[in-house]
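Chain and residue survey
Chain residues, written in single-letter form:
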Amino acid sequence: MRLLLALTICLGLTSPLMSEPASASETTLSNPGFETGDLSGWTTTGTAFNGAVTDDPGWGWGCCFNQEGTHHLWGFAGGDAATETVTSEP
């Protein structure tokens, strides 16, 4: 019985399931949802995303992007042939 109790206590102290999730205030990203209206806080390569942050809720041939917030990254700015990477700050 003592062994079972000790094991239960140890598992409770070390189990990742028992840890608290990180709160939203702990984020270090300065522009996680592109709400500054630009790519500040992001590093890009290539030209596919030049001017690609927009507050336009539609995509021209249908309805909506359903983004959270006002702005979003629109990845079609350079056409189908354009390629690029977008990397957030650490």
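Per chain, residue numbering runs from 1 following the sequence as it is written. Local features are withheld for residues below a pLDDT of 70 in this predicted model, meaning they are given only at 70 or higher, and side-chain atom pairs are given and counted only at 80 or more; totals for whole chains, interfaces and linings count all residues. As a rule here, side-chain values cover all heavy atoms of the structure and leave hydrogens and water aside.

Note: most residues except glycine have negative phi, and most peptide bonds are trans. In the Ramachandran plot, F34 falls in the positive-phi region, its phi being about 60 degrees despite a non-glycine side chain. Mapped onto the elements of the fold, F34 is located in the loop between helix 1 (2–14) and strand 1 (42–46). Since its relative accessible area comes to 10%, F34 is described here as buried. Numbering of helices and strands runs from the N terminus; a helix is a DSSP stretch of H or I covering at least four residues, while a strand is a stretch of E covering at least two. Summary of the burial criterion: residues with accessible area below 20% of their type's maximum are buried, those above 50% are exposed, and those between are partly exposed, where the area comes from a 1.4 Å probe applied to protein chains only.

Only Phe, Tyr and Trp rings are paired, with Trp represented by its six-membered ring, and only when their centres lie within 6.5 Å; those with planes under 30 degrees apart are stacked, over 60 edge-to-face, the remainder tilted. Under the defined criterion, the tally for this structure stands at one aromatic pair. Plain terms: the ring middles of F34 and W42 are 4.8 Å apart, the flat faces sit at 25 degrees to each other, and that makes the pair stacked. Under the relative-accessibility criterion, W42 is labelled partly exposed at 21%.

Relative to the elements of secondary structure, E84 occurs in strand 4 (residues 84–88). Among the residues examined, E84 registers a relative accessible area of 16% and is labelled buried. Only 2.6 Å separates the side chain of E84 from the backbone nitrogen of A48, close enough to count as a polar contact. Any pair of N or O atoms that falls within 3.5 Å is considered a polar contact. Within protein, one atom must be able to donate a hydrogen and the other to accept it, and sequence-neighbouring residues count only if both atoms are side-chain atoms. In terms of polar contacts, E84 uses its side chain to reach the backbone amide nitrogen of F49, at 2.4 Å. Contacts are residue-level and defined by heavy atoms, with any inter-residue pair within 4.5 Å sufficient. When near neighbours in sequence (up to four residues on either side) are disregarded, E84 contacts T44, T45, G46, T47, A48, F49 and N50.

This part takes up the environment of T85. Relative to the helices and strands, T85 is located in strand 4. Considering only alpha carbons, one finds T85 and W42, 43 residues apart in sequence, at a separation of 9.9 Å. Among the polar contacts listed, one links the side chain of T85 to the side chain of T45, at a separation of 2.7 Å.

Scope: geometric values only; no functional claims are made or implied.
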